[in-house]
Each structure stands twice: as structure tokens, then as C-alpha cells.
Amino acid sequence: NAGVTQTPKFRILKIGQSMTLQCTQDMNHNYMYWYRQDPGMGLKLIYYSVGAGITDKGEVPNGYNVSRSTTEDFPLRLELAAPSQTSVYFCASSYSGTEHNEQFFGPGTRLTVL
Amino acid sequence: AQSVTQPDIHITVSEGASLELRCNYSYGATPYLFWYVQSPGQGLQLLLKYFSGDTLVQGIKGFEAEFKRSQSSFNLRKPSVHWSDAAEYFCAVGAWRGAAGNKLTFGGGTRVLVKP
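Just so it is clear, the structure is predicted and the values come from calculations on it, not from any experiment.

## Overview of the overall build of chain A
Okay, step 1: Along its length, chain A carries zero helices and eleven strands.
Okay, step 2: The N-to-C order of helical and strand elements in chain A reads β-β-β-β-β-β-β-β-β-β-β.
Okay, step 3: Rg of the C-alpha trace for chain A: 13 Å, near the compact-globule value of 13 Å for 114 residues, within the 12% margin.
Okay, step 4: The principal-axis extent of the C-alpha atoms belonging to chain A is close to 35 × 30 × 25 Å.
Okay, step 5: Sorting the 114 residues of chain A into buried and exposed places 47% on the buried side.
Okay, step 6: Surface summary for chain A: the accessible area is close to 5300 Å², and the carbon and sulfur share equals 52%.
Okay, step 7: Taking the 9 positively charged and 9 negatively charged side chains of chain A as two groups, their mean positions are separated by 12 Å.

## So, the environment of Thr71(A)
Residue and element names in this part refer to chain A.
Okay, step 1: Looking at the element boundaries, Thr71 is found in the loop between β7 (64-66) and β8 (76-78).
Okay, step 2: Counting along the chain gives 45 residues from Thr71 to Asp26, while the straight-line C-alpha distance between them is 8.9 Å.
Okay, step 3: Setting aside chain neighbours within four positions, we find Thr71 in contact with Gln25, Asn28, His29, Met32 and Ala52.

## Remarks on the side chain of Ser93(A)
Residue and element names in this part refer to chain A.
Okay, step 1: Inspection of the secondary structure puts Ser93 in strand β9 (residues 87-94).
Okay, step 2: For Ser93, a relative accessible area of 0% gives the class buried.
Okay, step 3: Within the structure, Ser93 has its side chain in polar contact with the side chain of His29 (distance 2.8 Å).
Okay, step 4: Excluding residues within four positions of it along the chain, Ser93 makes contact with Val4, Gln25, Met27, His29, Tyr31, Met32, Tyr33, Glu102, Gln103 and Phe104.

Each value, and the rule that gives it
- Residues numbered from 1 in each chain as written.
- Chains lettered and ligands numbered in written order.
- Predicted model: local features only at pLDDT ≥ 70, side-chain atom pairs only at ≥ 80, totals over all residues.
- Heavy atoms only, no water.
- Helix = DSSP H or I, 4+ residues; strand = E, 2+ residues; numbered from the N terminus.
- Rg over C-alpha atoms; globule rule 2.2 N^0.38 Å.
- Buried < 20%, exposed > 50% of the residue type's maximum accessible area, 1.4 Å probe, protein only.
- Areas by Shrake-Rupley, 256 points an atom, 1.4 Å probe, with all protein chains shown as cover.
- Lys, Arg positive; Asp, Glu negative; His and termini not counted.
- Charge placed at Lys NZ, Arg CZ, Asp CG, Glu CD.
- Contact = heavy atoms within 4.5 Å.
- Polar contact = N/O pair within 3.5 Å; in protein donor to acceptor, adjacent residues only side chain to side chain.

Right, dumping it as C-alpha cells:
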């Protein structure tokens, strides 16, 4: 069991470029989440998915898009990178959406937009 | 809406000394509370969680946390800190959104430095 994997680990983008952050989980979890972590701010939810084909916005969705074509994969797309998107991005998954269900986190992707 | 406050941004503690990290939450219903640890360059790992029952919760790596409803707090403790405990610690509250699933709201984190 690899758990939640994310690629790439690091990336530098120029303003206006686009990229996709990959996230895969092998635990057959229905729920998946994307967070961004800014210093001193904790984690903020960008998008989440309750199952294949279903996604919804979190707290800070502007500038991002997601898709969920399979249970395993939940990519995050940045279309026009901006310096404000410099952050560390974490993908997470959980078996169900109940409030006591543990979320399992990937190792993160550190993104810098210059 | 729920919120979580971790009043201490940094804490420095000597190896072998005790550690307490503060967490205060705001939530209208029964809270579901979590503590996560993030080691440098790593993702978040669950230390412990509280749902109901005994208000003193035991976790991994020798950590425990106590839920105090009257104080809206869920402080994390460890009796004797090891150098490997140097990390950032996040408190979170979970809220059920029905079909929309579980939403975790995180505090800003407390960075722990361990002196030899």
C-alpha cells in the first residue's frame, strides 16, 4: 500500500503557465481532497470529491480546476499560474465523509510561481 | 462556521522536558477533533482523534490530548519530548456536511523546536 502519492514534489512555474498536480491513492477511498498550505495559515480546502465523477468547491477554489474520472486519481489543474498560488499543495483521501473519518495525506507538492 | 486557533506559533522545549500545545475551537455542535503532525518535508500524519466518550485520548508516539468542552479546548501533551518530536503540529475540527462529506478546518499550526 503506497497510500496517497503526489507528483511532482517540487515545481517552479512562470506567471501565466499552466500545470497539473497529480494525486493517486490506492486505498479505494471514495473521498479525496486538495488543500493548500501557506505559512502560519494552516491548510485551506481547495476542492474535494465524494466519488468518481463528482467534485465540489472548497474554501479557496479560484484559479484551480479538478476532475475525478476514477476512484484512484484526483488531479488539480492550474490554468494561469499567479504568484498568489505559490504554496505547498496536499492531497488527502478518506474512506467515507463522516466527520470522524481520518484523512490520509500525501507528501505534498511545493509550487513556486515567479 | 467552525474555527480553530493555535495560540502558539513556535515553542522551544528541551529534550526530556514536557510539552503542551494549545488548541481552541469554535463549533456549534459536538466537535470531532484531531491532532496531526507534519515532519519537515513530509505530509500530515494523524496523532490522535476525539469523537466522544473519555475526554483523555491517547495517540501514537506517546502523545495524549484532553478535550475540555467548558473551555472549548483540545490541548496536546507529551510527558517527555524526544529530538524526533521536532515538527509542526496542527489541530483540526471535523464537521459533517451530509452528502458533501467531512470538512476539516485546521488551525495555523505550532512549530516545535527541541533543544539537546
